[in-house]
Amino acid sequence: MAVTSLNPRVPMTTRSRRDGETDGIHYHFVSKEEFKKLIESDAFVEYGEYKGNFYGTLKRSASSYSPSTISTSIVPEHDTPTRLQSVIMQRTDKGSFNVALAGGLLAGRLITVADILPGATQLAYTIRPLQTGDCLIAIDGKSVGAVPLEDVQDLLRNSEQTVEFLVLCMGNDVHPDVTLLTNFLAPNSSDNEELAAIKADIRADVYSNVPYTTRAPREGEVDGEKYRFVSKETFQTMIDRDEFIEYGKFDGHLYGTAKRRPFRETIAEGENVPNDAGKDIRPSNTNKDLLRRSRAYAASVKSTSRPKTLVIKHNGPFQALGLELVEASDGVFVLDVEEGSPAAKAGIRKSMQIMAVDGADLKENGLTVARQRLGKLADEHEVVVRYNSKAFSLAATSHLSRSTREHIYTVILGRNDENAWGVSLGGGAAQGTLITFEKLDHINYIAKSRDIAEGDCLLAINGVSVAGSTLGHAVEEIQKTGLDVELTILDVKNSGTSPTLSDFVQKSKRDPIDILAAKADVLTTIYDSAVAYTTRVPREDEVDGRDYNFVSKDTFEEMINKDAFLEWGQHNGVYYGTPKKFQARRSQRASRARRVATGSKTVVQTVILGRRSDGAFGVVVSGGLEEQVLPYVSEVYDDCKLVAYTERPLLKGDVVLAINGVSVASYTARNIMCVLNAQSSEVELTTTCHLSAQLTSYRSLISKLNAKELPKELEDIAKDIRQELYTGTVPYTTRAPREGERDGVHYYFVTKEEFQRLEKEGKFLEVGESNGVFYGTSVTIHENKASSIGRPSNIRRRLSSRTQSSNRQRYFVISANGRESMGLTIGPFDSATDEGIIVKDVEEGLPAHIAGLRPGMKLLTIESTPVETVHVQDAATLLFEPFKASGSVKVTATYIPPSSMSRTMSFKSAMAHTSQTSSSQHVASSGLGKIDDIATRIIQVWSCPRSLSTALMYSFAQRSDTKVLDEPFYGSFLHRNPHLKHPMQDEIIASQPTDPREVINSMLLHTSTSVLYCKNLAKHIPTDVDDTWLNNCVHIIQLRNPAAVLSSFTEIAEVTVEETCFLHIFTLLRKFRECNIPFVVVDADKLSIAPEPVLRELCQHLSLEFDPAMLRWPAGPKEYDGVWAPAWYQTVHATTGFQPNVSLRSVPSSLLPIVQDVYPLYMAVAAHAIGHTLSPSKLAKGEPAPALPEARNRDILVWVGSGLVPRAFSGVSVFDSSVQGGDAVWEGLRIYDGKVFCLRQHIDRLLDSARMMAFGDIPSRDFIERAIFSTLAANHMRDGVHVRITLSRGVKVTSSMNPTFNAYGSNLIIVPEWKPVEGVATYDNAVGVKLVTAANRRNSPQCLDSKIHHCNLINNILAKIQANACEAADALMLDSDGYVAETNATNVFAIKNSTLLTPTVDACLPGITRQVVLELAHDLGINTEVRRVSLSEFYSADEVFTTGTMGELTPVISIDGRVIGDGTRGLITIQLQEAFHHFVEKSSEALPF
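Predicted, not measured: the structure shown is a model, and the values here were computed from it. (Residues numbered from 1 in each chain as written. Predicted model: local features only at pLDDT ≥ 70, side-chain atom pairs only at ≥ 80, totals over all residues. Heavy atoms only, no water.)

Asker: What is the right way to read the pairing of strand 57 (residues 1079-1083) from this model?
Answerer: Moving residue by residue along a regular strand, the side chains alternate between the two faces of the sheet. Within strand 57, 5 of the 5 residues are buried, which leaves the element mostly enclosed by the surrounding structure. Side chains Phe1079, Val1081 and Asp1083 of strand 57 all project onto a buried face; the interleaved residues Val1080 and Val1082 project onto the opposite face, where all are buried too. (Buried < 20%, exposed > 50% of the residue type's maximum accessible area, 1.4 Å probe, protein only. Helix = DSSP H or I, 4+ residues; strand = E, 2+ residues; numbered from the N terminus.)

Asker: I tried to follow the packing of helix 30 (residues 1062-1074) against helix 35 (residues 1152-1166) on my own but got confused; where do I start?
Answerer: If you want to describe how two helices pack, look at the angle between their axes and the distance between the axes. Between helix 30 and helix 35, the least distance of the axes is 9 Å, while the angle of their chain directions is 35°. For the pair helix 30 and helix 35, the sense of crossing is left-handed. Residues Phe1062, Leu1063, Ile1065, Phe1066 and Leu1069 of helix 30 form the contact with helix 35, whose participating residues are Val1158, Leu1161, Tyr1162, Ala1164 and Val1165. Here the contact of helix 30 with helix 35 is composed, by residue class, of 10 nonpolar, no polar and no charged. (Axes fitted to C-alpha atoms, helices over the stretch in contact; angles between N-to-C directions. Left-handed = near helix turned anticlockwise from the far one by under 90°. Contact = heavy atoms within 4.5 Å. Nonpolar A, V, L, I, M, F, W, Y, C, P; charged D, E, K, R; others polar.)

Asker: What exactly am I supposed to notice about the pattern of salt bridges here?
Answerer: Where charged atoms of side chains with opposite charge meet at close range, the side chains can pair. Under the counting rule described, the total for this entry stands at 41 salt bridges. A salt bridge links arginine 371 to aspartate 503, with the shortest nitrogen-to-oxygen separation between them at 3.5 Å. Remark: aspartate 503 occurs in helix 13 (residues 501-504) and arginine 371 occurs in helix 9 (residues 366-374); sequence separation between them is 132 residues. A relative accessible area of 18% means that aspartate 503 is categorised as buried. (Salt bridge = Lys/Arg side-chain N within 4 Å of Asp/Glu carboxyl O.)

Asker: What is the right way to look at the sheet that holds strand 33 (residues 565-571) in this model?
Answerer: Hydrogen bonds along the backbone pair up the strands of a sheet, which may run parallel or antiparallel. Spatial strand order, 32-31-34-33: 4 strands in an open sheet with mixed pairing. Because the sheet does not close on itself, it has two edges, and the strands there are strand 32 (549-550) and strand 33. (Pairing = 2+ DSSP bridges.)

Asker: Could you clarify how one ought to interpret helix 43 (residues 1467-1483) in this entry?
Answerer: The periodicity of an α-helix, 3.6 residues per turn, causes residues three or four places apart in sequence to face the same way. Taking 1.5 Å per residue as the helical rise, helix 43 with its 17 residues ought to reach 24 Å, and the 24 Å between its terminal C-alpha atoms agrees with that figure. Within the sequence span of helix 43, burial applies to Ile1468, Thr1469, Leu1472, Gln1473, Ala1475, Phe1476, Phe1479 and Val1480. Elements that come into contact with the buried residues of helix 43 comprise strand 60 (1224-1232), strand 67 (1387-1392), strand 68 (1395-1398), helix 41 (1408-1419), strand 70 (1439-1444) and strand 71 (1448-1455). (Expected span 1.5 Å × (residues − 1).)

Asker: Explain empty space enclosed by the protein here, please?
Answerer: A water-sized probe, rolled over the atoms, reveals where empty space remains. Throughout the structure, instances matching the rule amount to 5 cavities of 30 Å³ or more. Size it by volume and the largest cavity reaches roughly 50 Å³. Taken together, Asp1375, Tyr1379, Val1380, Ala1381, Pro1399, Thr1400, Asp1402, Ala1403 and Arg1428 make up the lining of the largest cavity. Considered class by class, the residues forming the lining of the largest cavity number 5 nonpolar, 1 polar and 3 charged. (1 Å grid on protein atoms, 1.4 Å probe; cavity = no way out; pocket = protein on both sides within 12 Å on 5 of 7 lines; lining within 4 Å. Points joined across faces, edges and corners; volume = space filled by probe spheres on them.)

Asker: Looking at this structure, I do not really get the sheet that holds strand 60. What am I missing?
Answerer: Here we have 7 strands laid out as an open sheet, ordered 59-58-63-62-60-61-73, and antiparallel in their pairing. Edge positions in the sheet fall to strand 59 (1203-1206) and strand 73 (1485-1486), since each has one partner strand and no second. Bridge count for strand 60 against strand 61 (residues 1235-1236) is 2 bridges, and the pairing is antiparallel. Note on strand 61: the bridge partner recorded for tyrosine 1232 is lysine 1235. In the packing of helix 38 (residues 1239-1252) onto the sheet, the strands contacted are strand 60, strand 61, strand 62 (1281-1288) and strand 73, and the crossing angle to strand 60 comes to about 175°. Contacts from helix 39 (residues 1261-1274) reach strand 58 (1197-1200), strand 59, strand 60, strand 62, strand 63 (1307-1314) and strand 73 within the one sheet, and its direction differs from that of strand 63 by about 35°.

Asker: It is not clear to me how a nonpolar patch on the surface should be interpreted in this structure. Could you clarify?
Answerer: Together, Ile1354, Ile1357, Leu1358 and Ile1361 line one region of the surface with nonpolar side chains, adding up to about 370 Å² of accessible area. With respect to the helices and strands, isoleucine 1354 occurs in helix 40 (residues 1354-1365). (Patch = residues over 30% accessible without salt bridge, like charges linked within 9 Å, V, L, I, M, F, W, Y side chains within 5 Å. Areas by Shrake-Rupley, 256 points an atom, 1.4 Å probe, with all protein chains shown as cover.)

Asker: Help me out: how do you make sense of the packing of aromatic side chains in this one?
Answerer: The geometry of an aromatic ring pair comes down to the distance between the two centres and the angle between the two planes. Evaluated as defined, the whole model comprises 30 aromatic pairs. An aromatic cluster is present here, built from Tyr533, Phe556, Phe565, Trp568 and Tyr575 joined pairwise through their rings. Above the face of the phenylalanine 1489 ring, arginine 1278 is positioned so that its terminal group lies 5.7 Å from the ring centre. (Phe/Tyr/Trp six-rings, centres within 6.5 Å; stacked < 30°, edge-to-face > 60°. Lys NZ or Arg CZ within 6 Å of the ring centre and 35° of its normal.)

Asker: Got a minute to help me understand the state of the cysteines in this structure?
Answerer: Each disulfide is one covalent bond, formed between the sulfur atoms of two cysteines. All told, the structure shown has 0 disulfides when counted by the stated rule. Free of any disulfide, cysteine 1033 has its nearest neighbouring cysteine sulfur in cysteine 1014, separated by 7.0 Å. (Disulfide = S-S within 2.5 Å.)

Asker: Help me out: how do you make sense of the environment of phenylalanine 969 in this one?
Answerer: Along the chain, phenylalanine 969 falls in the loop between strand 54 (962-966) and helix 25 (970-976). Under the relative-accessibility criterion, phenylalanine 969 is labelled buried at 0%. Put simply, phenylalanine 969 and lysine 1015 are 46 residues apart on the chain and 9.4 Å apart in space, counted from C-alpha to C-alpha. Leave out the neighbours within four places in its chain, and phenylalanine 969 touches Trp942, Gln992, Pro996, Val999, Ile1000, Met1003, Asn1016, His1020, Pro1022 and Trp1029.

Asker: So what exactly am I meant to see when it comes to the packing of helix 38 against helix 39 here?
Answerer: It is at 11 Å that the axes of helix 38 and helix 39 come closest, and there the two elements cross at 125°. With respect to helix 39, the element helix 38 is oriented oblique. The chirality of how helix 38 crosses helix 39 is right-handed. Residues Leu1239, Arg1240, Ile1243, Asp1244, Leu1246 and Leu1247 of helix 38 touch helix 39, and the partners they reach there are Arg1261, Ile1264, Glu1265, Ile1268 and Phe1269. (Parallel < 35°, antiparallel > 145°, perpendicular 65-115°, else oblique.)

Asker: I'm lost on the environment of threonine 950 in this one. Help?
Answerer: Considering the arrangement of structural elements, one finds threonine 950 in helix 24 (residues 949-957). By relative accessible area, which is 9% here, threonine 950 ends up buried. Spatially, the C-alpha atom of threonine 950 lies 7.3 Å from that of valine 1132, the residues being 182 residues apart in sequence. Apart from the residues lying within four places of it in its own chain, the contact partners of threonine 950 are Lys1015, Tyr1129 and Val1132.

Asker: I would appreciate a short explanation of unusual backbone geometry in the present structure.
Answerer: Outside of glycine, negative phi angles account for most residues, and trans bonds account for most peptide bonds. Phi at alanine 1254 takes a positive value of approximately 60°, unusual for a residue other than glycine. Within the secondary structure, alanine 1254 sits in the loop between helix 38 and helix 39. In this structure alanine 1254 comes out as exposed when scored by relative accessible area, which is 57%. For histidine 1276, which is not glycine, the phi dihedral falls at a positive 55°. Its location among the elements puts histidine 1276 in the loop between helix 39 and strand 62.

Asker: Would you explain helix 35 in this entry?
Answerer: In this model helix 35 runs 20 Å from its N-terminal to its C-terminal C-alpha over 15 residues, within 8% of the 21 Å that 1.5 Å per residue would give. At valine 1158, helix 35 is deflected by roughly 40°, the largest bend along its length, and proline proline 1160 occurs up to four residues later in sequence. (Bend = angle between axes of the 7 residues up to and from the residue.)

Asker: Help me understand the confidence of the model for the protein, please; the structure alone is not making it clear to me.
Answerer: Interpreting fine coordinate detail is not advised for predicted regions of low pLDDT. On average, the protein scores 81 in pLDDT, and the residues at 70 or more come to 86%. Low pLDDT, under 50, characterises residues 267-286; the stretch is placed with 31 contacts to residues that sit more than four places away or in other chains. Low pLDDT (under 50) marks residues 900-934, which in the prediction has 108 contacts with non-local residues, meaning those over four places away or in another chain. (pLDDT = per-residue confidence, 0-100.)

Asker: Would you take a moment to explain the side chain of serine 341 for this structure?
Answerer: The residue serine 341 is located in the loop between strand 20 (331-337) and helix 8 (342-345) in this model. Sequence-distant contacts of serine 341, defined by excluding residues within four places in its chain, comprise Leu321 and Gly322.

Structure below.
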């Protein structure tokens, strides 16, 4: 050991090192032999022995050690004065500072930042953000460097909302031993003044306790004053308890400095704790006064508060300085400085106070003066600054705490008794300020989140921005409103903003979102109104004063120095500037601030317009598909009559999506105006209310949708618009036409060159490529498809089904004006409780209509009484009494687009009868779900022709609780389609109301029976009335196989696709599912085969008791038959019940194309029919549909041929070879945790099997892999999945087993299922399974080689049947010579005397899992034999297990009743199972999604 390398200040010892001690820091640890050698060489100043260990202090002369040789990784450098910084921390919403601390006096360390948790808010810092490893020296000026951690935690717990940390910057790169108090406090010649002050602080904390000693008291010494005198035994006990910071021995006596305990402990024990003044105190809730004032903090404040002058070299606008300022009562402070900015380069730092700029004192209007001075043209600016950390803390806290407040609020005002609004406004753009509330008097609040305060600023009126507008515009906007107005207001005082426009628009990174929105509104108004100045030369067609104000450079610079610009900048040597003075234009923009303040995320709204006196609606729509932009409102005239809206008034730029519920998003502007002008006195528009201008282009919208770059609230809108475009346009493609496809109808078939030319010309909204074929969506609506566009708008439907109403409340006064009736119909908003009131109908011209109430409005108050929880009958009384007594009633309401109509009560002339009218309940179910009981059930049946609809009507007519109506809409249908020629047309029209609304009202008011059954043809559904009445009914969709329909229908009427009603039925099903309207589907063929089971289930879904009388009815005409019965009902009149279909009619060849066209629609609807999945015999027996082993597999997508197909429609052609003769090959795959097991091997075997079977068309490996991955991705399947892959020889041109007739190519089928290992459909790999031996033999190569993985599995299935009969898992199959081959589904292994046996592959499939097990056994050192194995060897084996992709390794516990081994899973089996799982995890291929 070289003693010359040791630090003589560190003592030496022979004892062993304790936890936390570092050699060379706490002690030099040496052996006793080394210590004795140093004694002999006289290397110690002093040395001694304590408890058998030597201790000594080296002579300085014995060592050449220099402090500079200490590693910088252990001791930090202290030669810079900026290691001490101030950090301002703010509490989170939960009350914590989110900073974890460690160390403290009891741990013998400095208080250290152990972690900075998410959410920690550092309001300000003078050097850098707080980091883990930093040490706290003081908190709010109180010394905490070396006090117990508990005292620091108590201090923080009881501190204010913000605290100031005095921090010694250390960081994670400093060795942790530096924070040990004994190391840190060691004298160091390199300590600067700052560090010396820190150490003095900490020493004062450390030595604040009275030291302990074992010597006797001297004369005059009092125990507890200068020393605490204890015995050696007590002192030793304190050492053992680690109660000393340091201790030592002098003149044979022990001395020690004890660690101070936390205040909470000493106070609890009744001890008096001295404070700074030396007084004894006992604080009740804080220890702040018990801690010393920090000398280091005082020194840091003093040293950083001296003013100094800095020079900023900058000749540009203030915004380019990279400087963010904040003003407080103590002055102007630097809130932030951008790195690398001119301010940063000049030495400006965060938290500095700016005292003067270019000689101008900032005592008054400091922030404005600073911005003006620093924004003038000058080569440099002289700035006087100083640090003032406490004042900065207060300023930063005040400014930054804005983010936790709401600064913008909304109120809705009604006119007061003097017909005034009770507010006086001032300011405005002409005065360079926001519009301000100057005086408030007699305000009538309809709704508010808080009261308006004088000095607050007006930002929006009825959702339209007036931020940055003139006072005149705002007053005019308010005056033209009716009885109420919604105001969006800025709380100036608490937001810390200035109403002066030039100050208000200054940007800050810390602006909360509502302030940012308000600033954006102001800047938008300014940019729309102000004509910018520039020094560049006018370009062609630019007009001075219109496009820009063109001025000279000298003039521009003079304007800069006169502070004439809100903002200015320079680009390519040219100046541009926005002037402070401008002529503000009237805003027609939606207020961003209002949207943020109300929390509205609504992108779409409903607006109802009324016609003006000249008959027009007062709006103009432009854009449309021809211009390739969404149709938008280009003009809203001042006298436009806004009847109602859900969010805000209609504005220029709003996109028009639907008119009266019919989608027009892909119409031309001309067509939209035609549709609009064709409406009645009022029209409902579905429009956007918050849509970026960048997304109004069809191409941009669809591009962003395909790239998944749209916000969630816009995705559904874009999808609907894209679907309309697909429906209404004919796409282009470069592929060849397929059989039956017509150019210009299904596609435009073009060459690649022509396609590329059209793409360059902008003829496509979107293009794509698949398998080398290009596809493009045209920008032109095809005339043959134009009729298909007028479909109900899904966007409007979703808007109607919103669970939350608009934030916008409206105020109405219903005045009688001599009339007795209001003309108002109301009903319950919540049908489950009959609570809440919604307007169902309003009669035109009567008081409620004149007041502005419309259907769909939800009443909020009646005469100031809230009615959210009021029953509809009580609401009727609240409305009627003041209306009758005083001639008027005041209500507030909000508009909700109607989506459902409950049974209503009407305010007709006799309002006194309201108490006798009962409200109905809403039917709450969907699809085949059970429907809750209601008082009167209205059943609507929508059928296609010849679908036993009349027979089903006769069936329900036999019920005593039911009244039936026969096609009640037939008359109105023929009335609006006079061109149709139906038998007895005139008689039918004369027998029924021609107004469908009259029919609907009579249905909804039916009360004579508890069930009303209405039979309808689907095409009879009214199209000229609001369809929300459908929500009051439950629905049966009745249909029949199109071939049976057409073979019967042709005898009576001319057949067209329209007449079959399948398109109408499909449209109805989609509507019912999307709108959550209850329905059930009945297939006539199922009904005729098994009438009682189908009727029983139908009644169950309708919440009706089945009545056996429904099975029979009398023959002949019925009194409830329609007048058309003689022309149509001859066949059904001859029946007395449901009969099986025994028709021998042929389908004319001319109708076969119609059968093909409508059959997909039939299949789509029939998939929901009762008994759809059951065979006729099972259905007739009344057996229920079976449950799936895994419910998630009900709605999976499978791959058939060339794409994905829903499971319900995943059939293959009856001419497919797999159906004709099992002529197909297959594989199984397993998916584990995002990986696929042995994909390459499985596809290899599939392709090999196809070659062995001489398939003429075999897909590529790449195609198969992509199909597998696409199918898995579409189903979100990544784990616990089994995939069945089948490749058939394909479809034949005629039924035959001859492969020559397979002319269409192969057919790939991929079926992924949720099927975990050891699931219901697999095996128990822990307990094991039982096997039996099958009677039939496994195929031999001379008959059918088992190496071909084919789908003709009869040989295996027969064996599985035997296993099922014996209640075994599988059957063991023998080869033709009697040796074991495999089971009906898996390979099989036996273990005997630690040797693994498995049959050869002469008569079994060479399984992939089988091969993996053989390789794993080899790796594990298990002896293996692949040979013929007899059945007896399996009986006597120690262990048996099977292998397969689906079940992995499954133990076998018995064969033919013989127990294998001890009847449990064997040890080698377990070992191989574990090895297999590791192999799967390590070797499987990752999925590419």
